[in-house]
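Examining the three-dimensional arrangement
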Amino acid sequence: MKDYFLLQYTMTNRKLADWGINPFVAYVLMVVGFIFLSEYLYSVTEFAGYVVLVVALSVLTNTSETQRNNFLLIVFGNSKYRKIRIIENVCISLPFSILLFYHNAFIESIALLTVAVVLAGLSFKANLNFAIPTPFYKKPFEFTVGFRNTFYLLPLAYALTVIALSVGNFNLGIFSMLLVVFISLTYYAKPENEYFVWSYAVKSPQFIFNKIKTGTVYTTFLALPILIAMVMFYPLKADEIVLFTLISLSFLWVTILAKYAAYPNQMGLPEAVLIAMCVYYPPLLIAVIPYFYYKSIKKLNILLK
Amino acid sequence: MIKVKNLSKSYGSNNVLKDINLDFLNGKVYGIVGENGAGKTTLFRCIAGLEDYDGEIEAEVTPLKNHLGLLLTEPFFFSKITGSEYIRLLCNARNTPIKDMESRNIFDLPLNQYASTYSTGMKKKLALTAILLQENKYYILDEPFNGVDIQSNIILTEIIHKLRELNKIVIISSHIFSTLSDTCDEIHLLRKGEPIKTVQKNEFKDL
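Rules and cut-offs
The written sequence of each chain sets the order in which its residues are numbered from 1. Going through the entries in the order they are written, you letter the chains from A and number the ligands from 1. Per-residue local features of the predicted model are confined to residues with pLDDT of at least 70, and side-chain atom pairs are confined, for both listing and counting, to 80 or more; whole-chain, interface and lining totals are unaffected and use all residues. Hydrogens are left out, water is left out, and the side-chain values use all remaining heavy atoms of the structure. A helix here means a DSSP run of H or I that spans at least four residues, while a strand means a run of E at least two residues long, and both kinds are numbered starting from the N terminus. Radius of gyration means the value over C-alpha atoms here, while the globule rule gives 2.2 Å times the residue count to the 0.38 power. Contact between two residues is taken to exist if any of their heavy atoms lie within 4.5 Å; hydrogens are not considered. For the accessible areas, the method is Shrake-Rupley and the probe is 1.4 Å, while residue cover comes only from the protein chains on display. Throughout this description, buried means an accessible area under 20% of the type-specific maximum (1.4 Å probe, protein chains only), exposed means over 50%, and partly exposed covers the range between. Residue-level confidence of the predictor is what pLDDT reports, using numbers from 0 through 100. Pairing between two strands is assigned when DSSP locates at least 2 bridges connecting them. Only the contacting stretch of a helix is used when fitting its axis, a line to C-alpha atoms as for every element, and angles between N-to-C directions run 0 to 180 degrees. The term buried area refers to how much accessible surface (probe radius 1.4 Å) is lost by two components on association, counted for both of them together. In the sections that follow, a salt bridge refers to a side-chain nitrogen of Lys or Arg positioned within 4 Å of a carboxyl oxygen of Asp or Glu. Here a polar contact means two N or O atoms within 3.5 Å. Within protein one must be a hydrogen donor candidate and the other an acceptor candidate, and residues neighboring in sequence count only if both atoms are side-chain atoms. Classes in brief: Ala, Val, Leu, Ile, Met, Phe, Trp, Tyr, Cys and Pro nonpolar; Asp, Glu, Lys and Arg charged; the others, Gly included, polar. With the far helix as reference, a near helix turned anticlockwise by less than a right angle produces a left-handed crossing, and one turned clockwise produces a right-handed crossing.

Per the secondary structure count, chain B includes five helices and nine strands. A compact globule built from 207 residues would reach a C-alpha radius of gyration of about 17 Å, and chain B, at 17 Å, matches this within 12%. C-alpha extents for chain B along the principal axes are approximately 45 × 35 × 30 Å. Contacts in chain B between residues far apart in sequence, at least 24 positions, make up 66% of those at least 6 positions apart. Carbon and sulfur atoms provide 47% of the accessible area of chain B, an area that totals close to 9000 Å².

What follows is the structure in structure tokens.
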């Protein structure tokens, strides 16, 4: 078991070295970045706690991937496998839990750790005969796969909208809409196998355009119930709602572009830093979107000649 | 027709393919045989445009890759995508409308189940079904008979014969010479990245 964690540590160091970053510097930056971003989040929204919970849960679900867990189970056996899963999940959720605790969200902090331990016992089995129905089956794959991975988070966002409207909290309503867009963003976090880019009989600009179009249409579809309800309840703030929608959609576009700007590798620190800068100062999107677009085309041209 | 002219490929100082010249004609089935590491898959990846190379690869339709059905040795599948969605994804990629998928399910696959739960052979059959439904002009099948049961091997052989009748170009690699001799018109033997022999159908028995 110790060897497993040492191997994880070595693999992480190698990845960081591949990105051209000294591992020690990277770890320090990660801690500083986490503290800075979380403090910034708490300073801009009163719903930061919810964001922290959603981010923590979405990171945690990554460790429940069936193939990885089957491999661990075969290698380590049942008892060690359970221990590894619990340790992993606790390690992942601990920074978020400490953050929640620090901001006096004691129940959420303990609940997160409990969920982490419970999730360690679960493997989101793909080997069911039953496939979760999705409205996105006509255009696989990001939203088809993503929806099946995160379907339980969407009702949470819709429930937040209902709460926002019932207590007359406009900001909470906007937050629930942003949450839906954030969930959609996560569908573009990992690069697909080159075969699924190569297969397309289109040039790179058309490929990118199609990806952005599908992402925009499907994200709007998911956020539509919230948008309609918000406009109905706050007709005088319709322009604000539209503005927030457009800004959040532009973050979807920048994420899609960042994914292909790093392709075939996973998005790395340079892309993450630029996106974080855009979150801090959204007008930067005007420069970052064309930059990522240019880089994506260059990367995709290798496969889509 | 596909013409491969003076094709070479290196990874650093390792020359994987050395000055390969091959012609593939319409309505013919070609076999590529070679031991592990002979360069079969690299040759296929170069033809598909998945690798950079020195030399030329010409086809009557360009870009070649947009008309090529490529069956990988180990097809990749997303964890939560059903068989029918996989087929739809690949057909959408080639702008080929897909109608009545069930009747075209030649291998009788459980298309509503997640593809990642399929056995090795079923995965291969699904990937093959998808590239057949793309209605390509050229087909490269890397080890298509590996991991597939005998009955499906027979169906696969029939499919290859049918593709020949439809004037398609089919290029197959395999370690099982008997399956190649049943299906191919010409077999190229590859060793250490070089074609060492070309054998016509009437000479197969001499091999």
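This part covers the overall build of chain A. The helix and strand inventory of chain A stands at 13 helices and zero strands. Starting at the N terminus, the α and β elements of chain A follow one another as α-α-α-α-α-α-α-α-α-α-α-α-α. Taken along the three principal axes of its C-alpha coordinates, chain A extends 60 × 55 × 45 Å. Burial analysis of chain A (305 residues in total) assigns 42% to the buried set.

Detailed conclusions should not be drawn from predicted coordinates in areas where pLDDT is low. Mean pLDDT over chain A: 88, with 98% of residues reaching 70 or higher. Per-element confidence in chain A is highest for helix α13 (residues 285-300) of chain A, whose mean pLDDT is 95, and lowest for helix α3 (residues 48-62) of chain A, whose mean pLDDT is 83.

This part covers the sheet that holds strand β1 (residues 2-11) of chain B. Residues and elements named next belong to chain B. Taken together, three strands build an open sheet; the order of strands is β2-β1-β4 and the sheet is antiparallel. Edge strands, defined here as strands with exactly one partner in the open sheet, are β2 (14-24) and β4 (54-59). Neighbour to neighbour, the strand axes of the sheet diverge by 20° on average, direction disregarded. Direction of pairing for β1 relative to β2: antiparallel, over a ladder of seven bridges. Counted as the bridge partner of Val 4 is Leu 22 from β2.

Here we take up the interface of chain A and chain B. How big an interface is tends to be expressed through the accessible area that disappears when the partners come together. Opposite the 33 residues of chain A that make contact, chain B presents 33 residues. When chain A packs against chain B, close to 3000 Å² is buried across both sides, 59% of that on carbon and sulfur atoms. Contact with chain B buries surface across chain A, with Tyr 195, Phe 196 and Trp 198 of chain A losing the most and accounting together for 24% of the total. Inspection of the chain A/chain B interface yields two salt bridges. Linking Glu 85 of chain B and Arg 148 of chain A is a salt bridge whose minimum nitrogen-to-oxygen distance equals 2.7 Å. Viewed at the interface, chain B and chain A are joined by twelve residue pairs in polar contact (both at pLDDT 80 or more). Listing elements by their share of the side of chain A that touches chain B, those giving two or more residues are α6 (142-150) and α9 (195-198) of chain A. The element that contributes the greatest number of residues to the side of chain A that touches chain B is α6 of chain A, accounting for four residues. Looking at the side of chain A that touches chain B residue by residue, the class counts come to 19 nonpolar, seven polar and seven charged.

Moving on, we get to the sheet that holds strand β6 (residues 138-142) of chain B. Residues and elements named next belong to chain B. Across the sheet, six strands lie side by side as β5-β6-β7-β3-β8-β9; this open sheet has mixed pairing. Strands with a single pairing partner mark the edges of an open sheet, and in this sheet they are β5 (68-71) and β9 (194-200). The sheet shows a mean angle of 15° between the axes of neighbouring strands, direction not considered. The pairing of strand β8 (residues 186-191) with β9 spans six bridges and is antiparallel. By the bridge assignment, His 188 is partnered in β9 with Thr 198.

Once that is clear, we can look at the packing of helix α11 (residues 238-262) of chain A against α13 of chain A. All names here are of chain A. Between α11 and α13, whose axes approach to 7 Å, the crossing angle comes to 35°. For the pair α11 and α13, the crossing hand works out as left-handed. Of the residues in α13, those touching α11 at Ser 250, Phe 251, Trp 253, Val 254, Leu 257, Ala 258, Tyr 260, Ala 261 and Ala 262 are Leu 285, Val 288, Ile 289, Phe 292, Tyr 293, Lys 295, Ser 296, Lys 299 and Leu 300. For the contact of α11 with α13, a count of residues per class yields 14 nonpolar, two polar and two charged.

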